[in-house]
Amino acid sequence: MSAIRKIVIANRGEIAVRIIKSAKRLSIKTVSIYSDLDRASPHVLMADEAFHLPGKTATETYLDMHQIVKIAKKANADAIHPGYGFLSENAAFANLVESNGLKFIGPSAKSIKIMGNKIAAKEAVSKFQVPLVPGDDKAIEEITKGIEIAEQIGFPILIKAAAGGGGKGMRVVNKIEDFNNSFKRAVSEAKSAFGDGSVFIEKYIEDPKHIEVQILADNHGNIIHLFERECSIQRRHQKVMEEAPSPTVNESLREALGKAAIDVAKSCQYTGAGTVEFIMDTRSNFYFLEMNTRLQVEHPVTEFITGIDLVEQQIKIAEGHSLQLEQANLTFSGHAIELRVYAEDAQNNFLPSPGKLVTYSIPTVDGIRVDDGVLEGSEISVFYDPMISKLIAYGKSRKEAIEKLLEGIEAYVIEGVQTTLPFGKFVLKHPSFIDGSFNTHFVEDHYLPTIKNEFNQEISLAGKVAAYLYNQNLKKVVLPNN
Ligand code: ADP
Ligand code: ADP
Ligand code: MG
């Protein structure tokens, strides 16, 4: 057991700020790193020390593992927290950190490696009887073999990149005629995005829900789960709103999900905080999707309902402490919902909307938590993730949490960029969200048609105005002669 006294945070934005907050509470010193663009960011201002990494791109800065380790040694730190994204799921980085005598606040390089590849992950968990999405869990090298497998599974199918993440590297194929084209594109996309062209085929589960389980594991063989999160409100296969608990998971299902998640953790000798993701069909059959070997973006909803600080738990585990929590004594209460506030134009295909936050004022409402890493005047650049912040609401019931989040959205003022705040309002007021029947197709099924309708109405209104003006002009032309 050795206490951590100083942590380097190998990240930026809201998650860097989030980690600094817990470290401060634990009287641990913090060291930030920053790119040219992030000089005046809150994560730099809040840390005890900050080191500049010249450059703008992620590769030049937050992904430069050798520079980051050098900084940690120079600052005399004893641990590195990778946050999420960037180097958080990079086994080589975890190895480099440890081989330099520093603690990596996360699982071992070996666990990261197994779970970082979706094919390797399925192979590991299959030994523990964890239900897998029907499919073929090997890399597909030839198109003819792929077609054979797709026909066996039955269309629609999903071609997935083994190394994929962040919703990227996935292609739905509805019919055999489309297979060739989709396969070729999937392989080339996987190669360019992840440097690894291996793909595999899964049955495309229709109208599914994304349900995931938070787990914590120490270095002494204790593993617990902190219940589920419902993350079905997505665009481009990536989450925008998440909640805990799930409105469709009952006690027995919760127990089964929890057990499966713990088995997944066992299958890779997991330590630290991690998330096991499942896809659930309309009859509540759930299948393992992947494990994210890091702190998850949406971890605050779990913190709200359990009262447990997940960053603190990560640090304690890295220090070598045993978990002080026991499954049998764990409970949750109330309901929490998170909206990821992205600088995106939801009405225009959720396209990034970079720019300056000309006005930025956060809500100060009881039961509302804002995790952000920006200030008024900050720039949301094209170089990094377009997430501005996370708006999280807690209520005694789901209804109360919905009302609270709506209140938070109303009181949040962001000008200068388009945001997902109006989209959040749309979701919270939609009957299928309110009754819990929504699935991962919410955006296509409910949001896009409304936008289209509004657009058509605008067009038809524009048409009427044009016709009116035209007629007025005609009258004008006619009038002088009258
Ligand atoms: P979560 O899985 O925590 O809900 P996301 O899917 O939104 O979150 O991913 C969190 C961040 O990590 C995003 O910035 C995303 O682009 C990045 N990310 C996730 N997986 C990968 C990966 N395999 N390669 C590169 N970036 C990734
Ligand atoms: P990533 O590593 O990019 O997060 P995941 O495997 O976790 O990839 O899948 C991301 C999302 O894609 C899921 O939340 C879900 O919406 C959709 N998805 C993935 N696999 C399937 C499947 N077999 N059937 C239907 N939807 C899926
Ligand atoms: Mg995922």
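See the structure shown above.
Source: prediction; values computed, not measured.

(A) Representation of the nonpolar core within the structure. Counting residues in hydrophobic clusters, the biggest one holds 67 residues, and the most contacted among them are Ile388 and Phe433. In terms of domain composition, this core takes at least three residues from each of domain 1 (6-105) and domain 3 (209-443). In contact with Ile388, not counting residues within four places along its chain, are Val341, Tyr342, Ala343, Leu357, Tyr360, Asp372, Gly373, Val374, Ile380, Ile414, Val417 and Thr419. The next biggest cluster of nonpolar side chains, apart from the first, holds 28 residues, and it includes Tyr62, Ile68, Ala94 and Ile112.

(B) The arrangement of the packing of helix H3 (residues 65-74) against helix H4 (residues 91-99) in detail. Put simply, H3 and H4 touch, their axes get as near as 10 Å, and they point 25° apart. In terms of their interaxial angle, H3 and H4 are classed as roughly parallel. The handedness of the crossing between H3 and H4 is right-handed. Within the contact between the two elements, H3 uses Met65, His66, Ile68 and Val69 and H4 uses Ala92, Phe93, Leu96 and Val97. Grouping the constituent residues of the contact of H3 with H4 by class yields seven nonpolar, one polar and no charged.

(C) Molecular detail of the site of ligand 2. Near ligand 2, the surroundings consist of 23 residues, among which Lys118, Gly167, His210, Gln234 and Glu277 are the closest. A distance of 2.6 Å separates an oxygen atom of ligand 2 from a polar atom in the side chain of Lys118. Here an oxygen atom of ligand 2 sits 2.9 Å away from a polar atom, N or O, in the side chain of Glu290. Considered on its own, ligand 2 offers 550 Å² of accessible surface; in the complex 96% of this is hidden by protein. When residues of the shell around ligand 2 are traced back to their parent elements, those giving at least two are strand S7 (157-165), strand S8 (168-173), strand S9 (199-203), strand S13 (272-280) and strand S14 (286-292). Counting residues per element, the shell around ligand 2 draws most heavily on S7, which supplies four residues. Of the residues belonging to the shell around ligand 2, the class tally is eight nonpolar, eight polar and seven charged. Residues lining the shell around ligand 2 come from more than one domain, with at least three contributed by each of domain 2 (134-203) and domain 3 (209-443).

Parameters and conventions
Residues numbered from 1 in each chain as written. Chains lettered and ligands numbered in written order. Predicted model: local features only at pLDDT ≥ 70, side-chain atom pairs only at ≥ 80, totals over all residues. Heavy atoms only, no water. Core = buried A, V, L, I, M, F, W, Y, C linked by side-chain atoms within 4.5 Å. Buried < 20%, exposed > 50% of the residue type's maximum accessible area, 1.4 Å probe, protein only. Domains from an automatic or database assignment. Contact = heavy atoms within 4.5 Å. Axes fitted to C-alpha atoms, helices over the stretch in contact; angles between N-to-C directions. Helix = DSSP H or I, 4+ residues; strand = E, 2+ residues; numbered from the N terminus. Parallel < 35°, antiparallel > 145°, perpendicular 65-115°, else oblique. Left-handed = near helix turned anticlockwise from the far one by under 90°. Nonpolar A, V, L, I, M, F, W, Y, C, P; charged D, E, K, R; others polar. Near = heavy atom within 4 Å. Polar contact = N/O pair within 3.5 Å; in protein donor to acceptor, adjacent residues only side chain to side chain. Areas by Shrake-Rupley, 256 points an atom, 1.4 Å probe, with all protein chains shown as cover.

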